Amino acid sequence: MNTQRTGIFSDQLHKKILSATSIVAFTGAGISAESGVPTFRGDEGLWKKFKPEELANFDAFMRNPDLVWEWYSYRKQIISKIQPNPGHYALAALERLVPQCAVITQNVDNLHRRAGSTTVYELHGNIERNYCIGCGRQFANQDIGQFNRAPRCPCGGLIRPDVVWFGEMLPEDQWNASERAAETADVFLAIGTSAVVYPAASLPVIAKRSGAYVVEINLEYTELSRTADEVLLGKSGDILPQLVSECFQNQ
Ligand code: BJW
């Protein structure tokens, strides 16, 4: 594993990116931190103040739907007020420069699409969508308004956010497409994720096993660092725009 500080990227990385037919960006909460979305783990993370077992699983929702709904309302409000940051925009620009480029995200904040990325696989859902646990009817946030209590569908069922809680399966189509993208990537960028939540955290390993050059971008070393070919330590909002402009400055 090569370790390199932000600034000048290795020749190896330049060559890998410029010769790549397929680049995958696998993102976690860290890429949205600079937009003002709190991460989950670490000193400033949501799980310091809130217990995931009380908020991010189906049993918790059935025990206390209003509490869980209130927590998601709070996060929906944060997300409705913020904007994509230079890291999101750099990935959207990369999509226009590389023959195939996909974003696989664990984030539910929709910021990649808002930044202009079009091939986006959402492994853990999207907080802007909701559905009825009774009949499955879908509701956009604007359809249900702002509620402090968990809203109900006309059928009487509880409405929940369309996110993936612990113990739930990932959306099959998103997972299958992500696995295929990881298997065929020439370069796999793992950005702002602690890489501890499975099955998402297996994707960089799948990519590496399939021959991809794996680059981690994070503020600190993670579970993934030993697998990565390079670790770039720093903010993704600094590193990604710099990487894209350095590699493609003549295009
Ligand atoms: C920056 C930065 C900057 C900050 N620039 N970097 C044992 C082995 C394997 C699996 C399991 C196991 N025990 C249990 C499981 C299963 C479980 C799991 O993985 N648990 C582990 C925690 C142990 N997984 C599941 O349950 C999944 N489903 C599943 O396995 O289905 C099969 C099954 C079904 C039934 C029974 C059994 C199995 C589902 C997982 C769903 C995860 N859901 C959440 C919540 C989503 C909804 C919501 O938003 O509320 O997804 S949890 C939370 O963690 C969220 C995230 O997407 C996910 C990952 O977090 P992420 O993105 O990595 O964030 P952080 O905060 O951890 O890290 C941020 C990083 O950014 C840090 O490294 C910072 O340094 C860095 N950073 N600023 C660059 N500016």
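Residues numbered from 1 in each chain as written. Predicted model: local features only at pLDDT ≥ 70, side-chain atom pairs only at ≥ 80, totals over all residues. Heavy atoms only, no water.

(A) Quick look at the pairing of strand E7 (residues 159-163). Within E7, five of the five residues are buried, which leaves it mostly tucked inside the rest of the structure. Summarising the sheet, strand E5 (residues 125-132) and E7 pair through five bridges and their orientation is antiparallel. The residue of E7 that forms the bridge with asparagine 130 is proline 161. (Buried < 20%, exposed > 50% of the residue type's maximum accessible area, 1.4 Å probe, protein only. Helix = DSSP H or I, 4+ residues; strand = E, 2+ residues; numbered from the N terminus. Pairing = 2+ DSSP bridges.)

(B) Spatial organisation of the site of the ligand. As a structural note, the neighbourhood of the ligand is formed by 36 residues, with Arg41, Tyr72, Arg75, Ser194 and Asn218 the closest of them. Between the ligand and tyrosine 198 there is a distance of 2.7 Å, counted from an oxygen atom to a backbone nitrogen or oxygen. In isolation the ligand exposes 1500 Å². Once the protein is present, 75% of that is buried. Elements supplying a minimum of two residues to the shell around the ligand: helix H2 (29-33) and helix H6 (65-81). Among the residues forming the shell around the ligand, the class breakdown is 17 nonpolar, 13 polar and six charged. When residues are assigned to domains, the shell around the ligand turns out to be shared by domain 1 (2-37 + 84-124 + 170-247) and domain 2 (45-81 + 137-163), each giving three or more. (Near = heavy atom within 4 Å. Polar contact = N/O pair within 3.5 Å; in protein donor to acceptor, adjacent residues only side chain to side chain. Areas by Shrake-Rupley, 256 points an atom, 1.4 Å probe, with all protein chains shown as cover. Nonpolar A, V, L, I, M, F, W, Y, C, P; charged D, E, K, R; others polar. Domains from an automatic or database assignment.)

(C) Expanded view of the pattern of salt bridges. All chains considered together, the criterion is met by six salt bridges. A salt bridge links aspartate 229 to lysine 208; the shortest N-O distance between them is 2.7 Å. Taken as a pair, aspartate 229 in the loop between strand E9 (213-218) and strand E10 (230-233) and lysine 208 in helix H11 (residues 203-209) lie far apart in primary sequence, 21 residues in all. Overall, aspartate 229 belongs to the buried group, its relative accessible area being 18%. Linked by salt bridges that have partners in common, Arg113, Glu122, Arg129 and Asp162 make up one network. (Salt bridge = Lys/Arg side-chain N within 4 Å of Asp/Glu carboxyl O.)

(D) Representation of the domain arrangement of the chain within the structure. What the domain assignment lists for the chain is domain 1 (2-37 + 84-124 + 170-247) and domain 2 (45-81 + 137-163). Facing six residues of domain 1, the contacting portion of domain 2 comprises five residues. When domain 1 packs against domain 2, the two sides together hide about 390 Å² of surface, and 66% of this comes from carbon and sulfur. Counting the contacts that link domain 1 with domain 2 gives zero salt bridges. Inspection of the domain 1/domain 2 interface yields zero residue pairs in polar contact (both at pLDDT 80 or more). For the side of domain 1 that touches domain 2, a count of residues per class yields two nonpolar, two polar and two charged. (Contact = heavy atoms within 4.5 Å. Buried area = accessible area lost by both parts, 1.4 Å probe.)

(E) Up close: the packing of helix H1 (residues 11-19) against helix H12 (residues 236-247). For the pair H1 and H12, the least separation of the axes is 10 Å and the interaxial angle reads 75°. On the basis of the axis angle, H1 is roughly perpendicular to H12. Residues Leu13, His14, Ile17 and Leu18 of H1 pack against Leu243, Glu246 and Cys247 of H12. Grouping the amino acids of the contact of H1 with H12 by side-chain chemistry returns five nonpolar, one polar and one charged. (Axes fitted to C-alpha atoms, helices over the stretch in contact; angles between N-to-C directions. Parallel < 35°, antiparallel > 145°, perpendicular 65-115°, else oblique.)

(F) Quick look at the sheet that holds strand E6 (residues 138-140). Taken together, three strands build an open sheet; the order of strands is E6-E5-E7 and the sheet is antiparallel. The open sheet has two free edges, formed respectively by E6 and E7, since each of these has just one partner strand. If you compare each strand with its neighbour and ignore which way they point, the axes differ by 40° on average. Alignment of E5 against E6, held across three bridges, turns out to be antiparallel. Considered in E6, the bridge of arginine 129 is made with alanine 140. Contacts from H6 reach E5 and E7, with the element oriented near 140° to E5.

(G) Spotlight on empty space enclosed by the protein. Scanning the model with the defined rule gives two cavities of 30 Å³ or more in all. Around the largest cavity, the lining residues are Ile17, Ile23, Leu91, Leu94, Leu189, Leu240, Leu243, Val244, Cys247 and Phe248. Contributions of two or more residues to the lining of the largest cavity are made by helix H7 (86-97) and H12. Broken down by element, the residue count for the lining of the largest cavity peaks at four residues, all from H12. Of the residues assigned to the lining of the largest cavity, the class counts are ten nonpolar, no polar and no charged. Estimated volume of the second largest cavity: approximately 40 Å³. Every residue along the wall of the second largest cavity is listed here: Thr105, Asn107, Asp109, Asn110, Leu111, His112, Arg113, Val120 and Glu122. Elements that contribute at least two residues to the lining of the second largest cavity include exactly helix H8 (111-115) and strand E4 (120-122). Among the residues making up the lining of the second largest cavity, the classes are represented as two nonpolar, four polar and three charged. (1 Å grid on protein atoms, 1.4 Å probe; cavity = no way out; pocket = protein on both sides within 12 Å on 5 of 7 lines; lining within 4 Å. Points joined across faces, edges and corners; volume = space filled by probe spheres on them.)

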